[in-house]
Amino acid sequence: MKTSYIIIFLFCFGITFAQERDFNAQDISISPLIDGTLLNPTTSEKIPLAIIIGGSGPIDRNGNQMMVKNNSLRFLAEGLYEKGIATYRYDKRIVKQMKDRSLSEKDIRFDSFIEDAVAVIEYFKNGNEFSGIYIIGHSQGSLVGMVAARDRADGFVSLAGAGQEIDDVIVDQLGKQAPGLKDNAREAFDDLRTKGEAVNYSPGLASIFRKEIQPFIRSWMLYNPKEELAKLNIPVIIINGDKDLQVQVSEAESLHRAKPGASYEIITNMNHILKEIPGNDMENQKSYNDHKIPVMPELIETISQFIKK
């Protein structure tokens with residue numbers, strides 16, 4: 001994963017019917033900051049609902065952000081729809097805040113994303129329309145989802161989720177990409193954790209430690225994925241791709257050690273945005289902005305089997 005990907009990884013910054021295909025799609029606002037789309041297959045029986053939580057950055061309900069369109073979460077939702085599973089996917093709150101120019105980086109907190117996920121779960125639980133509520137958390141959304149799912153959901157899917165605390169993930173990445181910055185980053189993270197502020201960091205680390213986003217990074221660091229996953233008393237499946245440039249398979253292995261009873265699946269040639277990459281890293285990187293590549297059918301099959309069993 002290149003340094004540019006680390007920046008992307010950290011930047012936190014009525015009824016309508018789909019026209020392209022015949023999906024029963026309803027736009028639903030859960031709160032003033034949570035807008036999303038429900039895909040609900042028409043059936044006379046109750047079916048399960050999967051709530052899809054996106055990753056880091058200003059990710060919209062389709063898995064896209066400004067200048068980056070791959071439709072990963074949209075295709076995931078549509079694939080599950082074809083398997084008879086309803087889905088709700090939503091824009092992260094910062095998407096709406098950016099649109100109405102109310103976003104303040106210094107006020108962003110990781111807990112806000114958890115609160116939004118809880119609000120979505122409670123909305124659909126209170127509606128009592130579905131046979132079960134399942135959470136699919138992608139990337140950063142894995143940690144958000146596992147915290148929100150506790151005592152609320154019927155099952156949890158960790159999709160390309162980190163197994164370490166975020167500071168350890170970043171330090172490991174720097175060790176591979178910019179080893180000269182690794183020790184300085186470790187010291188800065190330790191200061192941020194213990195003192196609430198990091199001051200002595202290299203200019204090369206400014207994208208991570210600039211003052212405005214330090215409160216957000218610190219609030220994220222307070223959550224340990226292994227500990228949060230171990231708290232879940234519901235069925236869990238851990239999924240990763242072996243072509244993931246952002247979250248290595250070792251992270252999935254770490255989660256599995258924390259929850260050895262969980263199902264575990266490593267999908268060959270799947271990258272971070274759930275697309276099949278038979279080629280090299282250049283092909284992998286190009287896929288991040290190719291909205292026509294479908295998500296891997298094996299992923300859809302794996303998740304649908306987990307939810308339906």
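An account of the accompanying structure is given in this report. (Residues numbered from 1 in each chain as written. Predicted model: local features only at pLDDT ≥ 70, side-chain atom pairs only at ≥ 80, totals over all residues. Heavy atoms only, no water.)

Within the structure shown, the criterion is met by 16 salt bridges. Here arginine 186 ties to aspartate 190 by a salt bridge, and the two come within 3.3 Å at their closest N and O atoms. Placement of the pair is arginine 186 and aspartate 190 together in helix H7 (residues 179-195), with a separation of four residues, close to one helical turn. Residue arginine 186 is classed as partly exposed on the basis of its relative accessible area of 22%. For the salt bridge of lysine 231 with glutamate 228, the shortest nitrogen-to-oxygen distance reads 3.4 Å. The exposure class assigned to glutamate 228 is buried, which follows from its relative accessible area of 11%. Because the salt bridges share partners, they merge into one network encompassing Glu165, Asp167, Asp168, Arg186, Asp190 and Arg193. (Salt bridge = Lys/Arg side-chain N within 4 Å of Asp/Glu carboxyl O. Helix = DSSP H or I, 4+ residues; strand = E, 2+ residues; numbered from the N terminus. Buried < 20%, exposed > 50% of the residue type's maximum accessible area, 1.4 Å probe, protein only.)

Now for the side chain of lysine 92. The topology assignment puts lysine 92 in the loop between strand E4 (86-90) and helix H3 (93-99). Buried within the structure, lysine 92 lacks any salt-bridge partner; aspartate 116 is the closest side chain of opposite charge, at an N-O distance of 8.7 Å. In this view, lysine 92 contacts Gly55, Ser56, Gly57, Ile59, Phe113 and Gln140; residues no more than four positions away in its chain are not counted. (Lys, Arg positive; Asp, Glu negative; His and termini not counted. Contact = heavy atoms within 4.5 Å.)

Let us now look at the nonpolar core. Among the nonpolar cores identified, the biggest contains 61 residues, and Leu49, Ile51, Tyr88, Phe110, Phe124, Ile135 and Phe156 are the most heavily contacted of them. The element best represented in this core is helix H4 (residues 110-127), accounting for eight residues. When residues no more than four places from it in sequence are discounted, the contact partners of leucine 49 are Leu38, Ala86, Thr87, Tyr88, Phe124, Phe130, Gly132, Ile133 and Tyr134. Listed in part, the 29 residues of the second largest apolar core include Phe23, Ala25, Ile85 and Ile303. (Core = buried A, V, L, I, M, F, W, Y, C linked by side-chain atoms within 4.5 Å.)

This part takes up the sheet that holds E4. The eight strands are arranged E1-E2-E4-E3-E5-E6-E7-E8 in an open sheet whose pairing can be described as mixed. A strand with exactly one partner marks an edge of an open sheet, and here the two such strands are strand E1 (25-31) and strand E8 (263-267). The sheet shows a mean angle of 20 degrees between the axes of neighbouring strands, taken without regard to direction. The pairing of strand E7 (residues 236-241) with E8 spans five bridges and is parallel. Paired with glycine 241 across the bridge in E8 is isoleucine 267. Contacting strand E2 (34-39), strand E3 (49-53), E4, strand E5 (133-138) and strand E6 (155-159), helix H2 (residues 72-82) runs over the sheet at an angle of about 165 degrees to E4. (Pairing = 2+ DSSP bridges. Axes fitted to C-alpha atoms, helices over the stretch in contact; angles between N-to-C directions.)

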